[in-house]
There are 2 protein chains.
Amino acid sequence: MPTHDEMVRVVERYVEAFDHNDPEMVVALFAADGTVEDPVGTPAHKGTEAIRAFYTRSMKSTPKLTLEGPVRTAADFAAFAFSVRLNFGGEKKIDVIDTFRFNEEGKVVEMRAYFSPQNMQGFD
Amino acid sequence: MPTHDEMVRVVERYVEAFDHNDPEMVVALFAADGTVEDPVGTPAHKGTEAIRAFYTRSMKSTPKLTLEGPVRTAADFAAFAFSVRLNFGGEKKIDVIDTFRFNEEGKVVEMRAYFSPQNMQGFD
């Protein structure tokens, strides 16, 4: 099982991938059979190709992530609060909490994103 | 399904219950068959009696909760970052993220708490 510090580092790499607008940096963090449920309640994207397609699409709006407080870990999970700012058309901001579940190799096997329209500002 | 605002109100009541050091206020937020996994990776407390016993024990150290940023919701879930401060023997602080899953009646059916020893300060 990855350590606290290893899980935190993966979260930091995830944030950096958005700074670089580099979907492959994100793909590299996931297990080949990983799932992405973003937001929670929508169908999961499963496997490398689906995850690549999802993040390639997501990064078209050049979102930038800012961690809001320390990364929490528990067993094989990390949970972290962050805000997303989108570049197009002024100040758009989304408040999100993600959870990552890790496998023994320290790859993300399950990502879940918690946010709703009420967590979005500047979209009207 | 409860609305965003209804789920946020339950989270606020949860925080207030700790302000009042009142386990019954917490118990009232949970469904009769609700589960509490605190922290994630430990055996869940299931059902009203187990939940009451857990929170009665937890409140012995008079923890006070402070929300850190807005409550996020998605489908039937709320996720929220907070810090816990404990009264005994100086400044002890734990950074936590909780998720609540709700039933149709707006009661919490599943609580999961994400934190590890690395999220604790002042305990040595």
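Within any chain, residue numbers begin from 1 and follow the written order of that chain's sequence. Here chains are named by letter from A upward and ligands by number from 1 upward, in the order in which they appear as written. It should be noted that, the model being predicted, local features are given only for residues of pLDDT at least 70 and side-chain atom pairs only at 80 or more, the latter also being counted only at that level, while totals for whole chains, interfaces and linings use all residues. Derived side-chain values reflect all non-hydrogen atoms in the structure, with water molecules and hydrogen atoms excluded from consideration.

On to the interface of chain A and chain B. In what follows, a contact means two residues having at least one pair of non-hydrogen atoms within 4.5 Å. Counting from both sides, the interface comprises 25 residues of chain A and, opposite them, 25 residues of chain B. Together chain A and chain B conceal approximately 1,900 Å² of surface at their shared face, both sides included; 65% is due to carbon and sulfur atoms. Here, a salt bridge means any Lys or Arg side-chain nitrogen found within 4 Å of an Asp or Glu carboxyl oxygen. Here chain A is connected to chain B by zero salt bridges. Whenever two N or O atoms come within 3.5 Å, that pair is a polar contact, provided that in protein one can donate a hydrogen and the other can accept it, and provided that, for residues adjacent in sequence, both atoms are side-chain atoms. Between chain A and chain B we count 12 residue pairs in polar contact (both at pLDDT 80 or more) in total. Secondary structure is summarised from DSSP: a helix means a run of H or I of at least four residues, a strand means a run of E of at least two, and numbering begins at the N terminus for each. For the side of chain A that touches chain B, the secondary-structure elements that each account for two or more residues are strand 4 (72–74), strand 5 (77–86), strand 6 (92–102) and strand 7 (108–114) of chain A. Among the elements that make up the side of chain A that touches chain B, the one with the highest residue count is strand 5 of chain A (five residues). Its residues assigned to classes, the side of chain A that touches chain B shows 15 nonpolar, seven polar and three charged. The buried area of a pairing is the accessible area, by a 1.4 Å probe, that goes missing from both parts when the two are put together, added over both. Classes in brief: Ala, Val, Leu, Ile, Met, Phe, Trp, Tyr, Cys and Pro nonpolar; Asp, Glu, Lys and Arg charged; the others, Gly included, polar.

All names here are of chain A. Within the secondary structure layout, K92 lies in strand 6. By relative accessible area, which is 12% here, K92 ends up buried. Ignoring sequence-local partners within four residues, the contact set of K92 consists of V84, R85, L86, Q121, G122 and F123. For each residue, the accessible area found with a 1.4 Å probe, counting protein chains only, is set against the maximum for its type, and the residue is called buried under 20%, exposed over 50%, and partly exposed in between.

Another aspect to go through is the pairing of strand 6 (residues 92–102) of chain B. Consecutive side chains of a regular strand alternate in pointing toward one face of the sheet and then the other. Residues and elements named next belong to chain B. Most of strand 6 is tucked away: 10 of the 11 residues are buried. Bridging between strand 6 and strand 8 (residues 120–121) involves two bridges; their strand directions are antiparallel. Following the sheet pairing, K93 is matched in strand 8 by Q121. Strands qualify as paired when DSSP identifies two bridges or more between them. With six bridges joining them, strand 6 and strand 7 (residues 108–114) adopt antiparallel strand pairing. Considered in strand 7, the bridge of T99 is made with R112. The hairpin formed by strand 6 and strand 7 contains five residues between the paired strands, and G106 there has a positive phi angle of roughly 80°.

Without other data, these values stay purely geometric and don't point to any function.
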